[in-house]
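Residues per chain are reported as follows:
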Amino acid sequence: MKYAIFGDIHANLEAYEAVMLDAAENDCTNFVCIGDIVGYNANPKDCLSAVQALGCPVVKGNHDEEASIDTPLEGLNPLAKHALEWTRQALPEEDRTW
């Protein structure tokens, strides 16, 4: 039994797909996501859906947390703040709740 432990996807679907291809080529059968599925890049919903489809354990990263709540975005660099504001708008409520 091989595990693929991955994280910091940050809504980069192409990178996520490359990691999953590598995991398949290395006969990984189990997965664990250590968070930060969303943030920075253009595909938060697609990345969330892909991770959800794995049915694996997931740790909520700080970007995942900030995308899921409606509190002021404080203490973040300007790029992260802008990306999370956009992500909050891009994700439907059911994805933000998950």
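Use the structure listed above.
So, here's what we can say about the structure. Bear in mind the structure is a predicted one, so any value in this text is a computation, not a measurement. (Residues numbered from 1 in each chain as written. Predicted model: local features only at pLDDT ≥ 70, side-chain atom pairs only at ≥ 80, totals over all residues. Heavy atoms only, no water.)

Quick word on the packing of helix α1 (residues 13-25) against helix α2 (residues 44-54)
At a minimum axis distance of 9 Å, the contact between α1 and α2 shows a crossing angle of 25 degrees. In terms of axis orientation, α1 runs roughly parallel to α2. Seen from above, α1 lies across α2 with left-handed handedness. Between α1 and α2, the contacting residues are Leu13, Tyr16 and Met20 on the first element and Asp46, Cys47, Ala50, Val51 and Leu54 on the second. (Axes fitted to C-alpha atoms, helices over the stretch in contact; angles between N-to-C directions. Helix = DSSP H or I, 4+ residues; strand = E, 2+ residues; numbered from the N terminus. Parallel < 35°, antiparallel > 145°, perpendicular 65-115°, else oblique. Left-handed = near helix turned anticlockwise from the far one by under 90°. Contact = heavy atoms within 4.5 Å.)

Regarding the pairing of strand β2 (residues 30-33)
As defined by bridge partners, strand β1 (residues 3-6) adjoins β2 across four bridges and the pair is classed as parallel. Across the sheet, residue tyrosine 3 finds its bridge partner in β2, namely asparagine 30. (Pairing = 2+ DSSP bridges.)

Describing the environment of leucine 76
Looking at the element boundaries, leucine 76 is found in the loop between α3 (62-68) and α4 (78-90). Residue classification places leucine 76 among the partly exposed positions, given a relative accessible area of 26%. In contact with leucine 76, not counting residues within four places along its chain, are Lys81 and Leu84. (Buried < 20%, exposed > 50% of the residue type's maximum accessible area, 1.4 Å probe, protein only.)

Here's the deal with a nonpolar patch on the surface
A cluster of nonpolar side chains, Met1, Tyr3, Ile5, Ile34 and Val59, forms an exposed patch at the surface whose accessible area comes to about 590 Å². With respect to the element layout, valine 59 can be found in the loop between α2 and α3. (Patch = residues over 30% accessible without salt bridge, like charges linked within 9 Å, V, L, I, M, F, W, Y side chains within 5 Å. Areas by Shrake-Rupley, 256 points an atom, 1.4 Å probe, with all protein chains shown as cover. Salt bridge = Lys/Arg side-chain N within 4 Å of Asp/Glu carboxyl O.)

Regarding the layout of surface pockets
To locate leftover empty space, one rolls a probe as large as a water molecule over the atoms. Of the voids in this model, the largest pocket is the one considered here, and its volume is about 180 Å³. Contributing to the lining of the largest pocket are 14 residues, with Leu48, Lys60, Asp64, Asp95 and Trp98 lying nearest its centre. Going through the elements one at a time, α3 and α5 (93-97) are the ones with two or more residues in the lining of the largest pocket. Across the lining of the largest pocket, the residue classes tally to eight nonpolar, two polar and four charged. (1 Å grid on protein atoms, 1.4 Å probe; cavity = no way out; pocket = protein on both sides within 12 Å on 5 of 7 lines; lining within 4 Å. Points joined across faces, edges and corners; volume = space filled by probe spheres on them. Nonpolar A, V, L, I, M, F, W, Y, C, P; charged D, E, K, R; others polar.)

With respect to α4
Structurally, the α-helix is built with 3.6 residues per turn, so residues lying three or four positions apart point the same way. For α4, built from 13 residues, the straight-helix expectation of 18 Å at 1.5 Å per residue is met to within 8% by its first-to-last C-alpha distance of 18 Å. Residues Ala80, Ala83, Leu84, Thr87 and Arg88 constitute the buried set of α4. Considered in projection along α4, the buried side chains sweep an arc of 140 degrees and stay on one side of the axis. More than 90 degrees from the buried face of α4, the exposed residues found are Pro78, Leu79, His82 and Gln89. Here the buried face of α4 lies against α2, α3 and α5. The distance from a side-chain oxygen at the start of α4 to the backbone nitrogen of leucine 79 is 2.9 Å, and the residue carrying that oxygen is asparagine 77. (Expected span 1.5 Å × (residues − 1). Arc of directions from axis to C-beta. Polar contact = N/O pair within 3.5 Å; in protein donor to acceptor, adjacent residues only side chain to side chain.)

Purely geometric numbers; function is a separate question.
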